[in-house]
Amino acid sequence: MDQLKAAPEETPETALHHGRLGVFGIVFFVVAAAAPLVGMTGAVPVAIVLGNGAAVPGAYVAVGLVLLLFSFGYAAMSHRVTNTGAFFAYVGRGLGIGPGVGSAFVSLVAYLAIQLAIYGFFGALAAAQFDAELGINWPWYVWSLIAWAVVTALSLLSVDVGAKLLGVLMLLEVLSLFVMALAVFFVGGPEGVDFGASFAPGNVLVGGLTGTAGIALAFAFASYIGFEATAIYGEESKDPKRTVPVATYVAVTLITVLFGLVTFAIVTALGSSTVVDEVVERTSVDGTPLVDPAVVVFSVAEEYVGEWLGSWAGTLVSNTMQWLVLSSLFAGLLAFQNSASRYFYSMGRAGVLPAALDRVNRFGGPAVASVTTSVIAAAVIVFFWATDKDPVLNLFYWMSGLAVVAIVVVEILVSVAVVTYFRRTREDTRVWHTLIAPLLALVGLAIGLYLLMSRFGLLAGTVAEGVDPTTQSWGLNGTGWTLVLLPFATFVVGWGIGLLRRSEENEDAVKDLVS
């Protein structure tokens, strides 16, 4: 471990407020970041058509199991380190300050990128929704900047205020999805319930990892981003040594069950043998499939809830879901604002970035870091507006593809760091938590990273001219190669910054800050 100078004493101006969040407060932030309703309306229909069809639920469960394996080592490390820099501190403990700083910069790229992606999607969806329903015809960037102002204001308040708001939005979102799923299973689909079609390993892996199964798994990995943020709130939680591990297991399990159950309900509703044709038909506009993927969930909800509880209920749930997609996106914006700002805060406190970033306000929020995050977001939104870039095809797809590659890179580093740290220190002798599960997760994450990178053109819309991304891997244009390699370049640059600023860095990079 690199030698670090002693950390400065905490003061009211630099310390986050402790004891504000319990298990469910953290879970609200994490599930909100995963934005399950957005995944169901956006990623799932695409994964069904281009991926493994009726076996998409199995792909989501498989990825959830990989991330649950990751959570064992992650939780074991959270027993040793409680630091709002999470990945920064964990990788620093296990692999040294250079890789730790590198991972921190990659994490920043991931959280800033996914928030920017959501700003683009929110703006485009809000513009269409308010125009169609209320006749308010404002361009996308106006709605994005309205959301930006509200998110900035909320991020400057006490963290529990945001948790309460996200709790309400998340419960409504999850409730609507569960009601739809229950209606499908209560009424029954055209072919009944076929577990084998959706969960049998042979069906999940049909087409192979380089084919349709790989496409489905890549979209599934992309849908889980945000679950790992539990440890970021450790310093602001009650009894972090217990709260963070429990919140991690609860969040991963809840997201996996939700994705698995609801995708299975969609397949059951449309029929396992006809689900691809049904999705193509329902999402087509002027003969082009997947132009309107959200209609799949909305139509299934209206049809099956209507048959179960009455047509009025089906219409109510479907219409409510259309507005809840917006609230789901907003919840994700606030969650990732908190994640990015806490990384800026932790890096300022550790001496990696300017020390002013570790200032907190009277509510105990990382004020300077939050404003910094917002300034970057506003600058990018204005840039995409000024250069006439599309908020979905460019801002959303480019940034979401970048973010998921970056976060999986860091998760791989954490898995290696967990094994290295506990083999070296012997502080935790549980073989499953500190060796077997992290190594299995490492294999699963490495496969996931390969799938995400090889199918990046399909995920991010950055396909080279003349390439069919559904049949050919790695066919990226210049923008695609820039985005897919950016996390690796950022890691190298961050490692270098860590070495160059070694004289300025202190023990806050890796120390346990609350116990």
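Residues numbered from 1 in each chain as written. Predicted model: local features only at pLDDT ≥ 70, side-chain atom pairs only at ≥ 80, totals over all residues. Heavy atoms only, no water.

**Brief notes about the overall build of the protein**
The line we're drawing: Where helices and strands are cited, they refer to DSSP runs of H or I of at least four residues and of E of at least two residues respectively, numbered from the N terminus. Residue exposure (1.4 Å probe, protein chains only): buried if accessible area is under 20% of the type maximum, exposed if over 50%, otherwise partly exposed. Areas reported here follow the Shrake-Rupley algorithm with a probe of radius 1.4 Å; residue values treat only the protein chains shown as occluding.
Helix and strand content of the protein: 19 helices and zero strands. Evaluated residue by residue, the protein yields a buried proportion of 60% over its 515 residues. By element, 67% of the accessible surface of the protein is carried by carbon and sulfur atoms, the whole surface being about 18200 Å².

**What about the side chain of S223?**
Under the convention used in this document: Any N or O atom pair separated by 3.5 Å or less is treated as a polar contact, with the protein-specific requirement of one donor-capable and one acceptor-capable atom, and with residues adjacent in sequence counted only for side-chain atom pairs. Contact definition: two residues touch when any of their heavy atoms are within 4.5 Å.
Position of S223 among the secondary structure elements: in helix α10 (residues 212-223). In terms of polar contacts, S223 uses its side chain to reach the side chain of Y60, at 3.1 Å. Setting aside anything within four residues of it in sequence, one finds S223 in contact with A34, A43, Y60 and F259.

**A short note on helix α6 (residues 140-155)**
Let me state the cut-off plainly: Any helix carries an expected span of 1.5 Å times its number of residues minus one.
The first and last C-alpha atoms of α6 sit 22 Å apart over 16 residues, in line with the 22 Å expected at 1.5 Å per residue. Within the sequence span of α6, burial applies to W140, Y141, W143, S144, A147, V151, T152, L154 and S155.

**Considerations on the pattern of salt bridges**
As a reminder of what qualifies: The salt bridge definition used is simple: a Lys or Arg side-chain nitrogen within 4 Å of an Asp or Glu carboxyl oxygen.
Considering all chains together, one arrives at three salt bridges under this definition. Here R282 ties to E278 by a salt bridge, and the two come within 3.0 Å at their closest N and O atoms. Taken together, the residues R282 and E278, both in helix α12 (residues 275-283) and four residues apart, mark about one turn of the helix. On the accessibility criterion, R282 (24% relative accessible area) is partly exposed.

**Considerations on the packing of aromatic side chains**
Applied cut-off: Two aromatic rings from Phe, Tyr or Trp, using only the six-membered ring of Trp, form a pair when their centres are within 6.5 Å; if the ring planes differ by under 30 degrees the pair is stacked, by over 60 it is edge-to-face, and anything between is tilted.
This model, assessed by the stated rule, comprises 26 aromatic pairs. Between F121 and F396, the aromatic rings sit 4.7 Å apart at their centres with planes inclined by 45 degrees, giving tilted as the arrangement. Note that F121 is positioned in helix α5 (residues 97-134) and F396 in helix α16 (residues 391-425), a separation of 275 residues in sequence. Grouping residues by exposure puts F121 and F396 together as buried. One aromatic cluster in this structure is built from F130, W138, W143 and W323.

**Overview of the environment of V276**
With respect to the helices and strands, V276 occurs in helix α12. In this structure V276 touches I48, V49 and G53, once residues within four positions along its chain are discounted.

**Description of the nonpolar core**
In plain terms, the rule: By nonpolar core is meant a set of buried Ala, Val, Leu, Ile, Met, Phe, Trp, Tyr and Cys residues that side-chain atoms within 4.5 Å join together.
Residues F122 and I266 are the most contacted members of the largest nonpolar core, which totals 166 residues. When residues in this core are grouped by element, the largest group, 21 residues, is from α5.

**Digging into the side chain of T256**
Locating T256 in the fold gives a position in helix α11 (residues 240-270). Beyond its immediate chain neighbours, meaning those up to four positions away, T256 contacts V61, G64 and Y224.

**Examining helix α14 (residues 311-349)**
Every α-helix winds through 3.6 residues per turn, so residues three or four apart in the chain are directed the same way. The following threshold applies: Bend angle per residue: angle between axes fitted to the 7 residues ending at that residue and the 7 residues starting there.
Given a rise of 1.5 Å per residue, 39 residues ought to cover 57 Å, and the 56 Å separating the end C-alpha atoms of α14 matches this to within 8%. Where α14 bends most, at W323, the angle is about 30 degrees. For α14, the tally of buried residues reaches 31 of 39 residues, placing the bulk of the element in the interior. Looking at the residues trailing α14, positive phi occurs at G351, about 90 degrees.

**Some remarks on a nonpolar patch on the surface**
Formally: Here, patches come from residues exposed beyond 30% relative accessible area and free of salt bridges, joined within 9 Å for like charges and within 5 Å for nonpolar side chains (Val, Leu, Ile, Met, Phe, Trp, Tyr).
A cluster of nonpolar residues, Y450, W474, W481, L485 and F488, forms a patch on the protein surface that exposes about 440 Å² of accessible area. For the nonpolar patch, the element with the highest residue contribution is helix α19 (residues 478-500), accounting for three residues. Considering the arrangement of structural elements, one finds W481 in helix α19. With relative accessibility at 34%, the residue W481 sits in the partly exposed group.

**Description of the environment of P487**
Mapped onto the secondary structure, P487 falls in helix α19. A relative accessible area of 0% places P487 in the buried class. Remark: the alpha-carbon pair of P487 and V408, spanning 79 residues in sequence, is separated by 9.8 Å. In this view, P487 contacts V106, L402, V405 and A406; residues no more than four positions away in its chain are not counted.

**Description of the confidence of the model for the protein**
The following threshold applies: Values of pLDDT, the confidence the predictor places in each residue, fall between 0 and 100.
Of all residues in the protein, 86% attain a pLDDT of 70 or more, and the chain-wide mean is 83. Within the protein, no element has a lower average pLDDT than helix α1 (residues 23-34), which sits at 73, and none a higher one than helix α15 (residues 367-386), at 94. Note on residues 11-19: pLDDT under 50 across the span, and 32 contacts to partners over four residues away in sequence or across chains.

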